[in-house]
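# A look at the structure
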Amino acid sequence: MPITLPLTSNVRIDTDTQKLLVALPSLESRLPNKEPEIAFLRRFLRNRYLHLMIHMYHKLRGRDGRFEPLSDFAVAQAADVYCTVRFKTEDPAVRELLKILSQPHVQACLYTHDKIACGDYEPHIDPIPVEEEEECAAKIVSIIKKHNEPLGATIQISGETGCMEIARVLHGGAADRSGLISAGDELHAINGIEIFGMSPDEVVDMLSKTSGSVTLKLVPSQRASRSRKCEMIVKALFTFDPAQDENIPCKEAGLAFHQGEILHIVNQDDTIWWQAFKHLDPPKRAGLIPSRHYHERQEVLRRAKAKEGRYMPRSISPCRYSPKIPRQRRLRKTMYHIVQNGVFTDFDTDEIPAYEEVELYMPKPKQYRPIVLIGPSGIGRNELKRRLRASNPLHFDEVVPYTTRERKPFEEDGKEYHFLTREEMEEQIISQRFVEYGEYRGHLYGTSIDSIKEVMASGKVCLLAPHTQALKFLRTYEVRPYVIFIKAPSLEKLKESRMPARARATEAESIRPFTVEELEEIADASKKMEDRYGHIFDYTIVNDSLTDATTELLMVASKIEKEPQWVPVGWGQ
Ligand SMILES: Nc1ncnc2c1ncn2[C@@H]1O[C@H](COP(=O)(O)OP(=O)(O)OP(=O)(O)O)[C@@H](O)[C@H]1O
């Protein structure tokens, strides 16, 4: 007589199970000490779910062809659909489809379908996992996030696998502090919630809402760790605002900085985004900064665009004036050159300033850095230099220029000028002894590197007001100049300060007040000069009120004799 299950009157126990149940009492008598196990087996064999499954099994094995599947790879087909549409998240229908496909029960259903379609329901023993599979195992990482603190990592959808992965771990952030999260790790779940099918924005949003303990399920990266953690101190030679950069992976992770700020670069793994923090900032999570390569590429594009729009901030005219030569004459001659490697070159190279590696320079007694005043012609460099020198002539000094003109009876060689023959001076020019020189009325005039060294060796502060072109020669380990930009105030302020003060413009044989056009030219040149050479300046003084500018210059001059300064690497010893 067939045994019927109490709760499933319509499901009959199959004959094999019946045989087992019938055999149980004899088993009990033969194994008296196994009573609990046999009792469990009895309950199991009578379980209605087991019999439902056995029933289904027999149905599926029915040879009437009613359960012929359309395909046996529904999971792969669903994954294919998922990958094809996963980036079209702007379409609500696609979003819904992605959501449905990522539901665990839908996936389980598809999986079961494939198993059945393949007839893969015969019992089998799982192979013993091999070591590589163990490596693929997920890791559960719990990190403690302070209130409002970001995770300290950026995420992206992997181009290879289509999975969400950690793009980079920010130095010093919560993820970095855990020591357990690496770039390339696949992110599968946050606080137990599967993120399969979510967009990076949704994941970021989800992460930002969590605080305290956050548990991440990650599949470790298979890539070999290629972290190139490094510490490099640099001066930023440009200004960066992450809010203005369209390509930054996460604006909140960006580090805004200004030209001249000192940054500690801590990671250069990524070719586009490096990681850095600002000097003197409390030690905290590093931010993303453009890599040198990325900045250069962006700058090239910006310049190309500016060229199209006909505005080129770099197109500053080469030096037209030399210190002793009146403006009108010099304009016609354009005779000013810098010699480099025996060739006449210009400082307006195509180099794109990004970061300059720096080190700390400690001021030493009686070894003062020369102060170099740079600015547009007529802004007041020489006036300020004169005033600084007059403040303490025993401490500040100027260089004695060289000339090939005849010595006047009242002049002393080495006092007003060093006098050389034309041949001698030309020889020295060719051997690059002059930081700047020019020709006026058939005679050469110039500033020699030797005369700068002379002042430096005398234990005085050497004051210079050369043209910008001379910086290429002056910015060396031997001279270590401190460059101060004398900047023009607004045109209105220039007119207000220069006109009533009867500021003088030098002309061929006379001096006269500035014209409005000349003041406009000064304001314009100042702007262009700052755009072009701003990264070289150590300090900027706006020369609006002469008294204020002089006071500020005295303050800076005193500061650089006492306080440590950031200088290009190699100048610090
Ligand atoms: N802040 C100021 N207010 C009023 N006049 C000023 C100010 N600064 C400079 N000047 C005057 O402007 C004139 C030009 O100054 P200065 O000769 O020092 O310019 P510069 O930068 O050395 O230019 P250049 O190389 O052409 O000589 C001088 O008469 C100077 O006294």
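Residues numbered from 1 in each chain as written. Predicted model: local features only at pLDDT ≥ 70, side-chain atom pairs only at ≥ 80, totals over all residues. Heavy atoms only, no water.

Formally: UniProt positions are given in the numbering used here, feature names are shortened, and annotations may be inferred rather than shown by experiment.
Naming follows an unreviewed UniProt entry, where the protein chain appears as MAGUK p55 subfamily member 7 of Littorina saxatilis. Per UniProt, the comment on the protein chain under Sequence similarities (unreviewed entry) is "Belongs to the MAGUK family."

### A short note on the pattern of salt bridges
We apply this condition: Salt bridges are identified by distance alone: a Lys or Arg side-chain nitrogen within 4 Å of an Asp or Glu carboxyl oxygen. Numbering goes from the N terminus for both helices and strands, where a helix is a DSSP run of H or I of at least four residues and a strand is a run of E of at least two.
For the coordinates displayed, the defined rule picks out 22 salt bridges. Between Glu398 and Lys385 there is a salt bridge, and its shortest N-O distance comes to 3.1 Å. Note that Glu398 is positioned in strand E15 (residues 396-398) and Lys385 in helix H12 (residues 381-391), a separation of 13 residues in sequence. In this structure, a network of salt bridges that share partners links the residues Lys385, Arg389, Asp397, Glu398 and Lys460.

### Considering the side chain of Glu165
Let me state the cut-off plainly: Any pair of N or O atoms that falls within 3.5 Å is considered a polar contact. Within protein, one atom must be able to donate a hydrogen and the other to accept it, and sequence-neighbouring residues count only if both atoms are side-chain atoms.
Relative to the helices and strands, Glu165 resides in strand E3 (residues 164-169). There is a polar contact of 2.7 Å between the side chain of Glu165 and the side chain of Gln156.

### Here's the deal with the nonpolar core
Our working rule: Buried residues of nine kinds, namely Ala, Val, Leu, Ile, Met, Phe, Trp, Tyr and Cys, make up a nonpolar core once their side-chain atoms join them within 4.5 Å. Here the term buried applies to any residue with accessible area under 20% of the maximum for its type, exposed to any over 50%, and partly exposed to those in between, with areas from a 1.4 Å probe on protein chains only. Any two residues whose heavy atoms approach within 4.5 Å at even a single point are treated as in contact.
Judged by nonpolar contacts, the single largest core of 24 residues is most densely connected at Ile371, Leu373, Leu388, Ile484, Ile486, Ile522 and Leu553. Sorting elements by how many residues they give to this core places helix H18 (residues 546-562) first, with 5 residues. Every residue in contact with Ile371, bar those within four places of it in the chain, is listed here: Leu388, Val461, Cys462, Leu463, Leu464, Tyr482, Ile484, Ala557 and Ile560. If you look at the next biggest cluster of nonpolar residues, it comprises 21 residues, including Val435, Val455, Leu471 and Phe485.

### Observations regarding the sheet that holds strand E17 (residues 418-419)
Sheet strands associate in pairs through backbone hydrogen bonding, adopting either a parallel or an antiparallel arrangement. Put simply, the rule is: Between any two strands, at least two bridges found by DSSP are needed for them to pair. Axis definition: a line fitted to C-alpha atoms, over the contacting stretch in the case of helices. Angles run 0 to 180 degrees between N-to-C directions.
Strand order in this open sheet of 4 strands is E17-E16-E19-E18, and the pairing throughout is mixed. Of all the strands in the sheet, just E17 and strand E18 (434-440) have a single pairing partner and so form its edges. Pairing between strand E16 (residues 402-403) and strand E19 (residues 443-448): 2 bridges, direction antiparallel. Counterpart to Tyr402 in the pairing with E19 is Gly446. Sheet contacts for helix H13 (residues 422-430): E16, E18 and E19; angle to E19, the most-contacted strand, approximately 45 degrees. Those strands touched by helix H14 (residues 449-457) are E16, E17, E18 and E19, and its axis lies near 40 degrees from that of E19.

### Quick word on helix H10 (residues 292-308)
Put simply, the test is: To estimate how far a helix should extend, the number of its residues minus one is multiplied by 1.5 Å. The arc in question is traced by the directions running from the helix axis to the C-beta atoms.
With 17 residues, H10 ought to run about 24 Å at 1.5 Å a step, and its terminal C-alpha atoms sit 24 Å apart, in line with that. The complete set of buried residues in H10 reads Tyr294, His295, Glu299, Arg303 and Ala306. Relative to the axis of H10, the buried residues are bounded by an arc of 165 degrees and lie together on one face. In H10, the exposed positions angled more than 90 degrees off the buried face are occupied by Leu301, Lys305, Lys307 and Glu308.

### Here's the deal with the site of the ligand
The test is simple: Consider each residue's heavy atoms; a residue with any of them within 4 Å of a molecule or strand counts as near. Exposure was quantified through the Shrake-Rupley algorithm and a 1.4 Å probe, taking into account, for residues, occlusion by the shown protein chains and nothing else.
Near the ligand there are 19 residues, and of these Ser377, Gly378, Arg381, Asn382 and Glu383 occur at the shortest range. Between Gly380 and the ligand, the recorded distance is 2.9 Å, taken from a backbone N or O atom to an oxygen atom. At 2.6 Å, a side-chain N or O of Arg381 approaches an oxygen atom of the ligand. Protein chains shield 86% of the accessible area of the ligand, which is 620 Å² for the free molecule.

### Considerations on unusual backbone geometry
Generally, phi is negative for residues other than glycine and the peptide bonds are trans, each holding for most cases. Of note in this structure, Lys366 is not a glycine but carries a positive phi near 65 degrees. Its location among the elements puts Lys366 in the loop between strand E13 (355-361) and strand E14 (371-374). Of note in this structure, Arg441 is not a glycine but carries a positive phi near 50 degrees. With respect to the helices and strands, the residue Arg441 is situated in the loop between E18 and E19.

### Concerning the packing of helix H2 (residues 35-46) against helix H3 (residues 48-60)
The condition that has to hold: An angle below 35 degrees is treated as roughly parallel, one above 145 as roughly antiparallel, one from 65 to 115 as roughly perpendicular, and anything else as oblique. Residue polarity follows a fixed list, in which Ala, Val, Leu, Ile, Met, Phe, Trp, Tyr, Cys and Pro are nonpolar, Asp, Glu, Lys and Arg are charged, and the others, Gly among them, are polar.
At a minimum axis distance of 5 Å, the contact between H2 and H3 shows a crossing angle of 50 degrees. Relative to H3, H2 is oriented oblique. Of H3, the residues touching H2 (which contributes Phe44, Leu45 and Arg46) are Arg48, Leu50 and His51. Looking at side-chain class alone, the contact of H2 with H3 contains 3 nonpolar, 1 polar and 2 charged residues.

### Some remarks on the pairing of strand E8 (residues 262-267)
In terms of burial, E8 is a largely internal element, 6 of the 6 residues being buried. Inspection of the sheet shows E8 paired to strand E9 (residues 273-278) by 4 bridges, in the antiparallel sense. Bridging from a neighbouring strand, Ile265 pairs with Ala276 of E9. What sits between E8 and E9 in their antiparallel hairpin is a turn of 5 residues.

### A short note on a nonpolar patch on the surface
What counts, and what does not: Candidate patch residues must exceed 30% relative accessible area and have no salt bridge, after which like charges are joined if within 9 Å and Val, Leu, Ile, Met, Phe, Trp or Tyr side chains if within 5 Å.
Residues Phe40, Leu41 and Phe44 make up a contiguous nonpolar surface patch of about 290 Å² in total accessible area. Position of Leu41 among the secondary structure elements: in helix H2.

### Quick look at the packing of aromatic side chains
Put simply, the test is: When the centres of two rings from Phe, Tyr and Trp lie within 6.5 Å, Trp using its six-membered ring, the rings pair. Their planes under 30 degrees apart give stacked, over 60 give edge-to-face, and anything left gives tilted.
Scanning the model with the defined rule gives 13 aromatic pairs in all. Both rings, one in Trp273 and one in Tyr294, keep their centres 4.9 Å apart while their planes meet at 50 degrees; by these two values the pair is tilted. You can see Trp273 sitting in strand E9 and its partner Tyr294 sitting in helix H10, a full 21 residues away along the chain. Judged on exposure class, the residue Trp273 and its partner Tyr294 are both buried.

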